[in-house]
Structures are given as C-alpha cells and as structure tokens.
Amino acid sequence: MELRLANGKTLRLVQGDITRVAVDAIVNAANAALRGGGGVDGAIHRAGGPAIMAELDRIRAAQGGCATGSAVVTAAGNLPAKYVFHAVGPIWRGGAQGEAEQLASCYRTAMRLAAEHDVRSISFPSISTGVYGYPVEQAAPIALRAVVEALKGETSVETAIFVLFDRATFDAYAQALESIRASLE
Ligand code: ADP
C-alpha cells in the first residue's frame, strides 16, 4: 500500500521482516540503555551481527544511553543498509505522560538524521507498539503523520517504508494511512 505525495515522495506500507528489506537506513526500536532487547531490536542485532552492538558500546561509553524520543546512528553490519538509526520510543503509561510527543519525536529525529546522512530510502518498524505497550491504533496516525510531514519538507528521502511485522499492525497502519490520504485530498 502506498501514498504518493504531490512532490513525488512515496510512503509505503508492507507487512514483513524489516531486516529483509534493502534501504539506506533502517530505524530500530531501541531502549534507552542502548542494550540489546527482544522484538525488532533482537532481530536487527541477530541479522546485523556483533559490529552494531560494538558500536553502541562505544556510544554508551561516550554519552551514556539515549533519551526517549531521540536516536543514535550506527553502521548496519550485515544488514542490507548503510545505517541503523536506533530510536528510543516511549513506554506506554496511559497516554498522559507525553507519550504521543515522544513517539512523534522518534520519527522526526529519524527523518532529520536521514537528511543529515543523505539517505534516500528509510524503513521504520512500529516503534513502541510491542513490549512498550503503545496502542497501535493511536501510534499509527502519529507515526505516519510525522513521516508525511518530513517528506513534504526539504529532505533527501524519496521513499519511506513502514515494515509491519504482523497483520493486525499492518491493518492499523493501513487504516491510518487512508485517513491521512483523505485529509490530503
Ligand atoms: P517496542 O519495545 O518499541 O515496543 P518491539 O520490538 O517490542 O518494540 O515491537 C515493535 C514492533 O516491531 C511490534 O509491532 C513487533 O511486532 C515488531 N517487530 C518485531 N520483529 C520485527 C521485525 N523483524 N521486523 C519488523 N517489525 C518487527
């Protein structure tokens, strides 16, 4: 499923494994300690190999972890990409603790890093909607709007792909994308 913007930029939704999709930059749903976790983070480290964690060890030694809503950059090891942007999503605490702003900030930060690294294609997982418990029906429109806004602006990114692991997550993003499409028309 795809949304083509007036400026020719494309936002695409696919169901699948983010470690199998070739792009310039893969966004990871990391944790604030920048230590390996399960879910998409575990899959990225398994497929990418130990070089990614070795680089995160150096980043951790230099600056500690990473703030929620922000991201750090590593190379992509054996993944079919140049970079991994490790974004730290919010843990869902009921929705009144700034979660929406922090979630939007993850996607905005990743798109800013993409522009800084001259990235043309970027992939995203559904940040925070796994172990971190963010309701996907609420996360999907926040994620998609943040990326659409960045694609409308000055950016090297031509294609942004959301790689959604399971059917329910894909369906939630597909519904949110249809609402955004209607609001653009
Ligand atoms: P968080 O801690 O930010 O919630 P999770 O990794 O637990 O991160 O979940 C985020 C989303 O990533 C979930 O929808 C989960 O199903 C999905 N996911 C897990 N493995 C992969 C993968 N290999 N590719 C893409 N998405 C994945």
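Rules and cut-offs
Residues numbered from 1 in each chain as written. Predicted model: local features only at pLDDT ≥ 70, side-chain atom pairs only at ≥ 80, totals over all residues. Heavy atoms only, no water. Near = heavy atom within 4 Å. Polar contact = N/O pair within 3.5 Å; in protein donor to acceptor, adjacent residues only side chain to side chain. Areas by Shrake-Rupley, 256 points an atom, 1.4 Å probe, with all protein chains shown as cover. Helix = DSSP H or I, 4+ residues; strand = E, 2+ residues; numbered from the N terminus. Nonpolar A, V, L, I, M, F, W, Y, C, P; charged D, E, K, R; others polar. Core = buried A, V, L, I, M, F, W, Y, C linked by side-chain atoms within 4.5 Å. Buried < 20%, exposed > 50% of the residue type's maximum accessible area, 1.4 Å probe, protein only. Contact = heavy atoms within 4.5 Å. Axes fitted to C-alpha atoms, helices over the stretch in contact; angles between N-to-C directions. Parallel < 35°, antiparallel > 145°, perpendicular 65-115°, else oblique. Left-handed = near helix turned anticlockwise from the far one by under 90°. Pairing = 2+ DSSP bridges. Salt bridge = Lys/Arg side-chain N within 4 Å of Asp/Glu carboxyl O.

A. Region of the structure containing the site of the ligand. Around the ligand lies a shell of 18 residues, among which D17, V40, S128, G130 and V131 are the nearest. One nitrogen or oxygen atom from the main chain of S128 is found 2.8 Å from an oxygen atom belonging to the ligand. Here an oxygen atom of the ligand sits 2.9 Å away from a polar atom, N or O, in the main chain of V131. Surface burial for the ligand is 90%, taken as the share of its 560 Å² of free accessible area covered by protein chains. Per element, the largest residue contribution to the shell around the ligand is three residues, and it comes from helix α1 (residues 39–48). Among the residues forming the shell around the ligand, the class breakdown is nine nonpolar, seven polar and two charged.

B. Local environment of the nonpolar core. The biggest cluster of nonpolar side chains holds 43 residues, and the ones touching the most others in it are L11, L13, Y107, I122, F124, F162 and Y173. Contributions of two or more residues to this core are made by β2 (10–15), β3 (25–30), β5 (83–88), α3 (99–116), β6 (121–124), α4 (136–152), β7 (159–164) and α5 (167–184). Sequence-distant contacts of F162, defined by excluding residues within four places in its chain, comprise L11, R12, L13, V14, Y107, F124, P125, A143, L144, V147 and Y173. Core analysis: the second largest hydrophobic core is formed by 17 residues, V23, L79, A81 and V163 among them.

C. Representation of the packing of α4 against α5 within the structure. Viewed as axis vectors pointing N to C, α4 and α5 meet at an angle of 50°, and their least axial separation amounts to 9 Å. One way to sum up the angle between α4 and α5 is to call them oblique. Of the two elements, α4 crosses α5, and the hand of that crossing is right-handed. Between α4 and α5, the residues in contact are V136, A139, A140, P141, A143, L144, R145, V148 and K152 and T169, A172, Y173, A176, L177, I180 and L184, respectively. Its residues placed into classes, the contact of α4 with α5 shows 13 nonpolar, one polar and two charged.

D. The sheet that holds strand β1 (residues 2–4), seen in detail. What the seven strands build is an open sheet, ordered β1-β2-β7-β6-β3-β5-β4; its pairing is mixed. Of all strands in the sheet, those bounded by a partner on one side alone are β1 and β4 (71–75). Between one strand axis and the next, the sheet turns by 20° as a mean value, whatever way the strands run. Bridge analysis of β4 against β5 gives five bridges, and the strand direction is antiparallel. Among the inter-strand pairings, V72 is bridged to a residue of β5, identified as H86. In the packing of α5 onto the sheet, the strands contacted are β1, β2 and β7, and the crossing angle to β2 comes to about 155°.

E. Local environment of the pairing of β3. Of all six residues that make up β3, five are buried, and the element is covered over most of its length. As defined by bridge partners, β3 adjoins β5 across six bridges and the pair is classed as parallel. Within β5, the residue paired with N28 across the bridge is H86. Of the strand pairs in this sheet, β3 and β6 are connected by two bridges, and their pairing is parallel. Across the sheet, the residue bridging to I26 is S123, located in β6.

F. Here's a closer look at the pattern of salt bridges. Within the structure shown, the criterion is met by nine salt bridges. One salt bridge connects E2 with R12, and the closest N-O pair in it is separated by 2.9 Å. Remark: R12 occurs in strand β2 and E2 occurs in strand β1; sequence separation between them is 10 residues. The partly exposed category is assigned to E2, whose relative accessible area is 38%.

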